[in-house]
Amino acid sequence: MDFELADWQRAASDAFADYLAREVAPIVGAHERERRLPPRELVRAMSGYGLLGGLLPEALGGQGLDHVTYGTLLAQLAGTWASLRSMISTSNLVLSIIAERGSAEQRERFLPALIRGDTLAFFGLTEPNVGSDASGVETRAERDLASGGWRLRGRKLYISNGIHADLGVVFARTGSGEDRAVSAFIVERGTAGFSAREVHAMGMHCCPLGELLFDDVLLPAGNLIGVEGQAFAIAKHYLNLGRCFVAYVCAGVAEAAYREACRYAGQRQQFGRPIGQFQLVQQMVADMMTRVETSRLLAARAADALDRKSADAQRWCSMAKRHNSDAVLRVCEDAMQVLGGAGYTSDFPLERHYRDVRHLAIAEGSNQIQALLLAQGELGLSALRG
Ligand SMILES: Cc1cc2nc3c(=O)[nH]c(=O)nc-3n(C[C@H](O)[C@H](O)[C@H](O)COP(=O)(O)OP(=O)(O)OC[C@H]3O[C@@H](n4cnc5c(N)ncnc54)[C@H](O)[C@@H]3O)c2cc1C
């Protein structure tokens, strides 16, 4: 059992950390204050480090990275700028779907620009009436007999990259009557009938959420991904992968918050001593340290299970996502306590970390749903269906 990264993984991680400290960290504060999208050149740079398409094989334009390496890089990005991370992860999720489930024509048309970061993508599953029970998608796509394509009608809600991405994957019901079959379609910005508005949120201010409206959008037949009616399995597969990466993201932000708290505890003087000398502060340091480390280990365990294609990979991904998104909240809470009033101000990155991680216990399958899936796996009894 080896708990350390290989030398080449450590070197890749160190090079990325240098880049983030030099080029990204200095501009985060100003962009966050003005709620500006990250510059496109940073998005393109992420491609070079493998964060856009790096998991794909070289034959598809990727770098053949394993999940442990990818997750390690993602954790560093999240600890520096969670909004840029969300933008990149969402686009990477969609480009993986197009690469692995799309047609040769779709790959040729959309993949190179997505991998380079010249275009960005959104993942459209959630709707006003459809959240945790994603199988109940109400957005509908019907065959258009005149064109041979599809007519898309409905709404999507809380969609990352939804108001600025160039294209996205939209999940829509194509079965009729009781048939809840769901299909996936590529929808490009600028298609007639497709509009979006921003939904203001607590955090992630540089990766805004969108509500998307599809008002009788005519899509070419070639925009259907994979087989008609079988896309719910695609959504489930990629959301499960996403949970492993959310676990890494939480570990990365937890580590950033912890480091900031330790730095502050060593410098801030009260009662004639650094506050880090007080036992009650030291207890918070020990709690944070333990949560950072358990989060790192659990994320790596999930990624390793995916790399080995282990039968219990889904269980590790659910467990890591659930544990780490709770743990990072506790770490940010403790770190803010250590910084006192300073932690509550936007002069320090901590209040941003605190706001930016709150959604991770909700999105990509809420932590309650992960608990039900984990218990169902153990007990063979489902709380969700019959
Ligand atoms: C910042 C952010 C980014 C997002 N990005 C995207 C995106 O890019 N694409 C996308 O499609 N979606 C996205 N989402 C949506 C996200 O996936 C949903 O918010 C999530 O699936 C939960 O759905 P909901 O918000 O409708 O909550 P609901 O499903 O209404 O749940 C509300 C509460 O009830 C609990 N609950 C529900 N059912 C049960 C049950 N059976 N047992 C116990 N508790 C239950 C939930 O755990 C939760 O606490 C994003 C959300 C956020 C906040």
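In case you missed it, the structure is sitting above this.
Predicted model, so just to flag it, every value in this text is computed and none were measured.

A.B. asks: So what exactly am I meant to see when it comes to the overall build of the chain here?
C.D. replies: The helix and strand inventory of the chain stands at 11 helices and 10 strands. Against the compact-globule benchmark of 21 Å for 386 residues, the chain has a radius of gyration of 21 Å, which places it among compact chains. Along the first, second and third principal axes, the C-alpha atoms of the chain reach 80 × 50 × 40 Å. Counting across all 386 residues of the chain, residues that qualify as buried make up 51%. Taking the intrachain contacts of the chain between residues at least 6 apart in sequence as the baseline, contacts between residues at least 24 apart amount to 71%.

A.B. asks: Where do I start with the environment of Leu360 in this structure?
C.D. replies: The topology assignment puts Leu360 in the loop between helix 10 (350–357) and helix 11 (367–379). For Leu360, a relative accessible area of 4% gives the class buried. With 38 residues separating them in the primary sequence, Leu360 and Arg322 have C-alpha atoms 8.9 Å apart.

A.B. asks: In this structure, what is going on with the site of the ligand? I would like to understand it.
C.D. replies: Around the ligand, a shell composed of 18 residues is seen, among which Phe123, Thr126, Ser132, Ser366 and Gln368 lie nearest. For the ligand, a nitrogen atom lies 2.7 Å from a polar atom in the side chain of Thr126. Interatomic distance of 2.8 Å between a side-chain N/O atom of Gln368 and an oxygen atom of the ligand. Considering the ligand on its own, with 970 Å² of exposed area, one finds that the protein chains cover 64% of that surface. Listed by contribution, the elements that provide at least two residues to the shell around the ligand are strand 3 (150–160) and helix 11. Each of domain 2 (122–229) and domain 3 (233–379) accounts for three or more of the residues forming the shell around the ligand.

Thresholds, definitions, all that
The numbering scheme is per chain: residues are counted from 1 as the chain's sequence reads. For this predicted model, a pLDDT threshold of at least 70 governs which residues receive local features, and a threshold of 80 or more governs which side-chain atom pairs are given and counted, while totals over whole chains, interfaces and linings are taken from all residues. Hydrogens are left out, water is left out, and the side-chain values use all remaining heavy atoms of the structure. A helix here means a DSSP run of H or I that spans at least four residues, while a strand means a run of E at least two residues long, and both kinds are numbered starting from the N terminus. Just to be clear, the radius of gyration here is over C-alpha atoms, and the globule rule we use is 2.2 Å times residues to the power 0.38. Relative accessibility under 20% of the residue-type maximum defines a buried residue, over 50% an exposed one, and the middle range a partly exposed one, all with a 1.4 Å probe and only protein chains included. Any two residues having at least one pair of non-hydrogen atoms within 4.5 Å are treated as being in contact. For each residue, the test is whether any non-hydrogen atom lies within 4 Å of the molecule or strand; if one does, the residue is near. Each polar contact in these results corresponds to two N or O atoms within 3.5 Å; when the atoms are within protein, one needs to be able to donate a hydrogen and the other to accept it, and residues that are neighboring in sequence are counted only if both atoms are side-chain atoms. Surface accessibility in these figures is a Shrake-Rupley result with a 1.4 Å probe; residues are shielded only by whichever protein chains are displayed. Note: domain ranges come from an automatic or database domain assignment.

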